Amino acid sequence: MARAAVLHAVGDKELDLRDDVSTIDPGPDQVKVRIKATGVCHSDLSTMTGVLPSALPTVIGHEGAGVVAEVGDRVTGVQPGDHVVVNWTPDCGECAECLRGEPYLCMTYLAQSFSEPGFKLGDGSPAFGMAGTGTWAEEIVLPRRGVVKIAEDIPFEYAALLGCGIPTGVGAVINTAKVAPGSKVAVVGAGGVGLSVIQGARIAGASTILAIDPNEAKHSIAKQFGATHTATLDGLEEAKGLLTGGAGFDYTFEVVGKSAAITTAWNATRRGGDVIVVGAGAFDDNWSQTAFALLFDGKSLKASLYGGCDLKRDIPLFVDLWRAGKLDIDGLISRRIGFEDLNDAVRALTNGEVIRQVVVFD
Ligand SMILES: NC(=O)c1ccc[n+]([C@@H]2O[C@H](COP(=O)([O-])OP(=O)(O)OC[C@H]3O[C@@H](n4cnc5c(N)ncnc54)[C@H](O)[C@@H]3O)[C@@H](O)[C@H]2O)c1
Ligand SMILES: [Zn+2]
Ligand SMILES: [Zn+2]
């Protein structure tokens, strides 16, 4: 029996923090992981509010790292005791998306997770895992490809962030947008993922990085991560005038998850520039643009799911950047918390009081 945070109904404000949850037994191609640290990402809130779909009841959490506890008969490449990062979109290696080299679009395991529960509650009833993971739990069973082995000297709370916020944000810059050195970049939303976009743009050599966030408490933090300028929504036009002569930014990243923020990003971008959607919005939150503007403004709208990453390839790169002092992971962590603090952590993220909070399991 282990601890896990369970959502029973969409819209519940409080998670059921239980200590009687067990996992299914790992199958031949699965691994069981003892989670050591797990982050609180906005996608966790969005699952609780129903912006992102889930099968109920669901164990929340998808940004995690831990130690392999058991492996199935056919598993190779990892063994008990290995330190791993959880990958919330494991690649099956065989579908059309995987074969095209787009593992972040693989739906094989994600789709299965809606019909195959990975947990059991104390009374024996099944529970699903958010996005096929469910890292707000001490133990979890994942497909072999749902874990990426890492070196043992990487602190687990940093490794957890290598499972979502960092690859999503930095990956959006280097894999999806391929920001060119000297570019002018704007980032709409300076939360945990937006700050990772900001430091990705700094690493890529952007000359100007504008962080746009209505919450002014985020502005000084954005500067720590490489933003050269900051603006509220009201101050955006003035900043755009000052920094780009009114023309707009080469690349603008939307890192909020709302159609209104995509419009903000679109309007901040220069003719011919790129708008990159990183935020995860609701299925009924429509965004529109006129056919005329779509063609004659020459702007491109790109989606960046999981930062366009192949985690097997990209986690070693992020680790090297961290070792070289170029990627700040520690600065993203506002507070280290216990499992019992998760409901308060959800409240704090909802209220915009924090960047990343990381549960450290003892
Ligand atoms: N693409 C992916 O694969 C992927 C992965 C992880 C997270 N996400 C999504 O990225 C988004 C950001 O996640 P996070 O963890 O950084 O969230 P967060 O809550 O830490 O940060 C969101 C930030 O946006 C700001 N904000 C709110 N409304 C705004 C507006 N209209 N304009 C500008 N800024 C605004 C908030 O003040 C906050 O600072 C969420 O939608 C999350 O679900 C996507
Ligand atoms: Zn696949
Ligand atoms: Zn996330």
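Residues numbered from 1 in each chain as written. Chains lettered and ligands numbered in written order. Predicted model: local features only at pLDDT ≥ 70, side-chain atom pairs only at ≥ 80, totals over all residues. Heavy atoms only, no water.

## Observations regarding the coordination of the zinc ion (ligand 3)
No. 1: For the zinc ion (ligand 3), the protein coordination sphere consists of C41 (SG), H62 (NE2) and C164 (SG), at 2.0 to 2.3 Å.
No. 2: Counting gaps between the donor residues of the zinc ion (ligand 3) yields the pattern C-x20-H-x101-C. Of this pair, H62 sits in the loop between β4 (58–59) and β5 (64–71) while C164 is found in the loop between α4 (156–161) and α5 (165–177), placing the two residues 102 residues apart along the sequence.
No. 3: A residue is classified by how much of its surface remains accessible, and C164, at 3% relative accessible area, is buried. (Donors = N, O, S within 2.8 Å, 3.2 Å for Na, K, Ca; no water. Helix = DSSP H or I, 4+ residues; strand = E, 2+ residues; numbered from the N terminus. Buried < 20%, exposed > 50% of the residue type's maximum accessible area, 1.4 Å probe, protein only.)

## Regarding the environment of D330
No. 1: Inspection of the secondary structure assignment puts D330 in the loop between α11 (311–323) and β17 (333–337).
No. 2: Between the C-alpha atom of D330 and that of R356, which follows or precedes it by 26 residues, the distance is 9.8 Å.
No. 3: Leave out the neighbours within four places in its chain, and D330 touches Y158 and R336.
No. 4: Among the polar contacts listed, one links the side chain of D330 to the side chain of Y158, at a separation of 2.7 Å. (Contact = heavy atoms within 4.5 Å. Polar contact = N/O pair within 3.5 Å; in protein donor to acceptor, adjacent residues only side chain to side chain.)

## As for the sheet that holds strand β1 (residues 2–7)
No. 1: Taken together, five strands build a closed barrel; the order of strands is β1-β2-β7-β8-β4 and the barrel is mixed.
No. 2: As defined by bridge partners, strand β2 (residues 16–23) adjoins strand β7 (residues 119–120) across two bridges and the pair is classed as antiparallel. Residue pairing in the sheet places T23 in a bridge with F119 of β7. (Pairing = 2+ DSSP bridges.)

## Describing the domain arrangement of the protein chain
No. 1: Looking at the assigned domains, one finds that the protein chain contains domain 1 (2–162 + 329–360) and domain 2 (169–306).
No. 2: Using only C-alpha atoms to locate each centre, domain 1 and domain 2 end up separated by 28 Å.
No. 3: At the interface, 14 residues of domain 1 touch 16 residues of domain 2.
No. 4: Buried surface at the junction of domain 1 and domain 2, both sides included, amounts to about 1,200 Å², of which 66% is carbon and sulfur.
No. 5: Our enumeration of links across domain 1 and domain 2 arrives at zero salt bridges.
No. 6: There are two residue pairs in polar contact (both at pLDDT 80 or more) connecting domain 1 and domain 2.
No. 7: Considered class by class, the residues forming the side of domain 1 that touches domain 2 number nine nonpolar, four polar and one charged. (Domains from an automatic or database assignment. Buried area = accessible area lost by both parts, 1.4 Å probe. Salt bridge = Lys/Arg side-chain N within 4 Å of Asp/Glu carboxyl O. Nonpolar A, V, L, I, M, F, W, Y, C, P; charged D, E, K, R; others polar.)

## Considerations on helix α6 (residues 192–204)
No. 1: Helix length check: α6, at 13 residues, gives a terminal C-alpha distance of 19 Å against a target of 18 Å (1.5 Å per residue), a fit within 8%.
No. 2: Burial of α6 is extensive: 11 of the 13 residues sit out of reach of the surface.
No. 3: Where α6 is concerned, the buried positions are G192, V193, G194, L195, S196, V197, I198, Q199, G200, A201 and A204.
No. 4: Buried-residue contacts for α6 involve α5, β11 (184–188), β12 (208–212), α7 (217–224), β14 (249–254) and β18 (356–360).
No. 5: Following α6 by one or two positions, G205 has its phi on the positive side, about 90 degrees. (Expected span 1.5 Å × (residues − 1).)

## Some points on the sheet that holds β12
No. 1: If you walk across this open sheet you meet the six strands as β13-β12-β11-β14-β15-β16, and the pairing is parallel. The strands lining the two open edges of the sheet, one partner per strand, are β13 (229–231) and β16 (300–303). Each adjacent strand pair in this sheet contributes to an overall mean axis angle of 20 degrees, direction not counted.
No. 2: Note that β14 and strand β15 (residues 269–277) share five bridges and pair parallel. Bridge pairing in β15 links F249 to T269.
No. 3: Set on the sheet, α5 makes contact with β14, β15 and β16; between it and β14 the angle comes to about 130 degrees. (Axes fitted to C-alpha atoms, helices over the stretch in contact; angles between N-to-C directions.)

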